[in-house]
Amino acid sequence: QVQLVESGGGLAQAGGSLRLSCAASGSIFSINAMGWYRQAPGKQRELVARITSGGSTNYADSVKGRFTISRDNAKNTVYLQMNSLKPEDTAVYYCNAESSPSELRYNFWGQGTQVTVSS
């Protein structure tokens, strides 16, 4: 079992910055990758950024060059640095962890943190 707790959401102006944090606890050694997803009203949940245990990353096209995902393995924490925020970034952001303790695969989710960007 993995527990994820997000923090850092809030209100920002267009062009501003926020940093989201996600702290993992539990069976952390089984985590293969972590990522951030977001869901805006009326839209499906989408991948924002993902980082593997080896450090490789990928991003949604809409956030490339603006957002950066990083991971502090010593603190079992993943971050999402969000720069040059746009109103279109407004959504609930969810932390995700992919776990494979055996042949089975599991996904764990945080409770979400609201990010609102005003014009």
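Only a predicted model underlies this, so the values are computations on that prediction, with no experimental measurement involved. (Residues numbered from 1 in each chain as written. Predicted model: local features only at pLDDT ≥ 70, side-chain atom pairs only at ≥ 80, totals over all residues. Heavy atoms only, no water.)

Asker: Before we move on, can you summarise the overall build of the protein with the specific residues and values?
Answerer: Within the protein one finds zero helices and 11 strands. Secondary structure elements of the protein occur, N-terminal to C-terminal, as β-β-β-β-β-β-β-β-β-β-β. Rg of the C-alpha trace for the protein: 14 Å, near the compact-globule value of 14 Å for 119 residues, within the 12% margin. In terms of its C-alpha atoms, the protein occupies a principal-axis envelope of roughly 45 × 25 × 25 Å. Buried positions account for 41% of the 119 residues belonging to the protein. Restricting the contact set of the protein to residue pairs at least 6 apart, pairs at least 24 apart contribute 54%. Across the protein, the 11 positively charged side chains and the 8 negatively charged ones have centroids separated by 2 Å. (Helix = DSSP H or I, 4+ residues; strand = E, 2+ residues; numbered from the N terminus. Rg over C-alpha atoms; globule rule 2.2 N^0.38 Å. Buried < 20%, exposed > 50% of the residue type's maximum accessible area, 1.4 Å probe, protein only. Contact = heavy atoms within 4.5 Å. Lys, Arg positive; Asp, Glu negative; His and termini not counted. Charge placed at Lys NZ, Arg CZ, Asp CG, Glu CD.)

Asker: How would you sum up the pattern of salt bridges? Please name residues and give values.
Answerer: What the rule picks out here adds up to five salt bridges. With a shortest N-O distance of 3.0 Å, Asp89 and Arg38 are connected by a salt bridge. Highlighted residues: Asp89 in the loop between strand 8 (77-82) and strand 9 (91-99) and Arg38 in strand 4 (residues 31-39), separated in sequence by 51 residues. Close ionic contact of Arg66 with Asp89 constitutes a salt bridge, the shortest N to O distance being 2.8 Å. Taken together, the residues span a long stretch of sequence, with Arg66 in the loop between strand 6 (57-59) and strand 7 (67-72) and Asp89 in the loop between strand 8 and strand 9 at a distance of 23 residues. There is no split in this pair, since Arg66 and Asp89 are both buried. Through salt bridges with shared partners, a single ionic network connects Arg38, Glu46, Arg66 and Asp89. (Salt bridge = Lys/Arg side-chain N within 4 Å of Asp/Glu carboxyl O.)

Asker: Would you mind going over unusual backbone geometry in detail, with residue names and values included?
Answerer: The phi torsion at Asn76 lies on the positive side, around 55°, for a residue other than glycine. Note on placement: Asn76 falls in the loop between strand 7 and strand 8. Backbone geometry at Ser84 places phi at a positive 50°, although glycine is not the residue there. Mapping Ser84 onto the fold places it in the loop between strand 8 and strand 9. Among the residues examined, Ser84 registers a relative accessible area of 39% and is labelled partly exposed.

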